[in-house]
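Analysis of the macromolecular model
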Amino acid sequence: MHMNVAPHLLTEDRAEYERVLDDALSTAHARPDLAGAGTRLTLAQLRSLTLNATTLVTSAAASEYDHFVKVREQHRAALGTRTPASQDRPGPGPGVVAILTVMVPVLAGAAAVIFLLVGAVLHAVAPTVAFGATLLTAGLVFGSVAAAGLLGAAAGLLVTALRNSPAAVSRGGPPAPDDELTRAREAWRRALLERGILPFLRDVLAATTPPTGPPGT
């Protein structure tokens, strides 16, 4: 059935209203004041009747709902004016240092392999030629440079991982849910249940109670 929406109930809160109603119906069997739910009227019938009476039901918690909407709007406005720290100042780009950190180990490693191979071949073919030993020495030097570059890159990765750890993200991430907003929502839900939904369900069940007097009276 079509659900009538109270003038003060915003569209975004329809789902919350239905959740409170569904919670009440799911525990109706444990409430003595809702005896007859599921027998005289099915839960589906009770749900449809309550949805069609949304205007009446939600008006019982109108003051709590107005307060909740006001607090929510203030909370959204505060979030809208808050600028993330990452947008206050642009972070540095890759830069020369980052490029060198990546390229130096690669180039030095390639040079080390070439020099060591050529130096080893020359040393094996002509052991007395000093150029082969020079190439071997150069290969060892470039190998040391490549190892140092790899250590630097590993250190950079470690720093990045620590910076992006959950603890760091939580310090710079979005703010925690506002306690006042949570309290306002729960106050509206409680008032909606206790002063709106439950009394309406009791009245509907009472209206469907068969007469207990003798026939013909």
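In this text the structure is predicted, and so the values were computed from the model without any measurement.

Applying the stated rule across the entire model yields 11 salt bridges. Among the salt bridges present, the one from Arg72 reaches Asp13, with a minimum N-O distance of 2.8 Å. You can see Arg72 sitting in helix α4 (residues 62-81) and its partner Asp13 sitting in the segment before α1 (14-26), a full 59 residues away along the chain. The exposure class of Arg72 is buried, given its relative accessible area of 6%. For Asp13, a relative accessible area of 3% corresponds to the buried category. Arg76 is the partner of Glu73 in a salt bridge, and the nearest nitrogen-oxygen pair spans 3.6 Å. You can see Glu73 and its partner Arg76 sitting in helix α4, three residues apart, about one turn around the helix. Assessed through its relative accessible area of 40%, Arg76 is described here as partly exposed. A network of salt bridges, in which partner residues are shared, links Glu12, Asp13, Arg72, Glu73 and Arg76.

In this structure the tally under the stated criterion is three aromatic pairs. Seen from their ring centres, Tyr65 and Phe68 are 6.3 Å apart, and the 55° between their planes marks the pair as tilted. In this pair, Tyr65 and Phe68 are both assigned in helix α4, three residues apart and thus about one turn of the helix distant. Note on accessibility: Tyr65 and Phe68 belong to one class, buried. On the basis of an interplanar angle of 5° and a centroid distance of 5.7 Å, the ring pair of Phe68 and Trp188 is categorised as stacked. Residue Phe68 is located in helix α4, and its partner Trp188 is located in helix α9 (residues 179-207); the two are separated by 120 residues in the primary sequence. An aromatic cluster is present here, built from Tyr65, Phe68 and Trp188 joined pairwise through their rings.

Let's shift gears to the packing of α1 against helix α2 (residues 43-52). At their nearest, the axes of α1 and α2 sit 11 Å apart, and the two run at 145° to each other. Between α1 and α2 lies a crossing whose hand is right-handed. For the pair α1 and α2, the contacting residues are Tyr17, Glu18, Leu21, Asp22 and Leu25 in the first and Leu43, Leu46, Arg47, Thr50 and Leu51 in the second.

Running from amino to carboxyl end, α1 crosses α9 at an angle of 55°, the nearest separation of the two axes being 10 Å. Here α9 runs oblique to α1, going by the angle between their axes. The handedness of the crossing between α1 and α9 is right-handed. Contacts between α1 and α9 involve Glu16, Tyr17, Val20, Leu21, Asp23, Ala24 and Leu25 on the former and, on the latter, Trp188, Arg189, Leu192, Leu193, Ile197, Leu198 and Leu201. Within the contact of α1 with α9, the residues separate by chemical class into 11 nonpolar, no polar and three charged.

Next up on the list: the confidence of the model for the protein. In this model, the protein carries an average pLDDT of 79, and 75% of its residues clear a pLDDT of 70 or more. Note on residues 1-6: pLDDT under 50 across the span, and 18 contacts to partners over four residues away in sequence or across chains.

This part takes up the nonpolar core. The nonpolar side chains of a soluble globular protein tend to be buried, and buried together. Among the nonpolar cores identified, the biggest contains 29 residues, and Tyr17, Leu46, Val57, Phe68, Trp188, Leu192 and Ile197 are the most heavily contacted of them. Elements with a minimum of two residues in this core: α1, α2, α4 and α9. The biggest single contributor to this core is α9, with 11 residues. Beyond its immediate stretch of four places on either side in the chain, Trp188 contacts Leu9, Asp13, Glu16, Tyr17, Ala61, Glu64, Tyr65 and Phe68.

Calculation notes
Every chain's residues receive numbers from 1 upward, in the order its sequence appears when written. Since the coordinates come from a predicted model, pLDDT governs what is reported: local features require at least 70, and pairs of side-chain atoms require 80 or more to be given and counted, while whole-chain, interface and lining totals use all residues. To get the side-chain values, all heavy atoms of the structure are used, and hydrogens and water are removed first. Salt bridge, as used here: a side-chain nitrogen of Lys or Arg that lies within 4 Å of a carboxyl oxygen of Asp or Glu. Comment: elements are numbered from the N terminus, with helices defined as DSSP H or I runs of at least four residues and strands as E runs of at least two. Using a 1.4 Å probe on the protein chains alone, a residue whose accessible area is under 20% of its type maximum counts as buried, one over 50% counts as exposed, and one in between counts as partly exposed. Note on aromatic contacts: the rings of Phe and Tyr and the six-membered ring of Trp form a pair at centre separations within 6.5 Å, being stacked when their planes are under 30 degrees apart, edge-to-face when over 60 apart, and tilted otherwise. Every axis in this analysis is a line fitted to C-alpha atoms, fitted for helices over the stretch in contact. Angles between the N-to-C directions lie between 0 and 180 degrees. In a left-handed crossing the near helix is turned counterclockwise from the far helix by less than a right angle, and in a right-handed crossing that turn is clockwise. The contact rule is simple, with two residues in contact once any of their heavy atoms fall within 4.5 Å. With respect to orientation, any angle under 35 degrees is reported as roughly parallel, any angle over 145 as roughly antiparallel, any angle of 65 to 115 as roughly perpendicular, and every other angle as oblique. For this classification, Asp, Glu, Lys and Arg are treated as charged, while Ala, Val, Leu, Ile, Met, Phe, Trp, Tyr, Cys and Pro are nonpolar and the rest, including Gly, are polar. In predicted models, pLDDT denotes the confidence assigned by the predictor to each residue on a 0 to 100 scale. Definition of nonpolar core: a set of buried residues of the types Ala, Val, Leu, Ile, Met, Phe, Trp, Tyr and Cys, connected through side-chain atoms within 4.5 Å.

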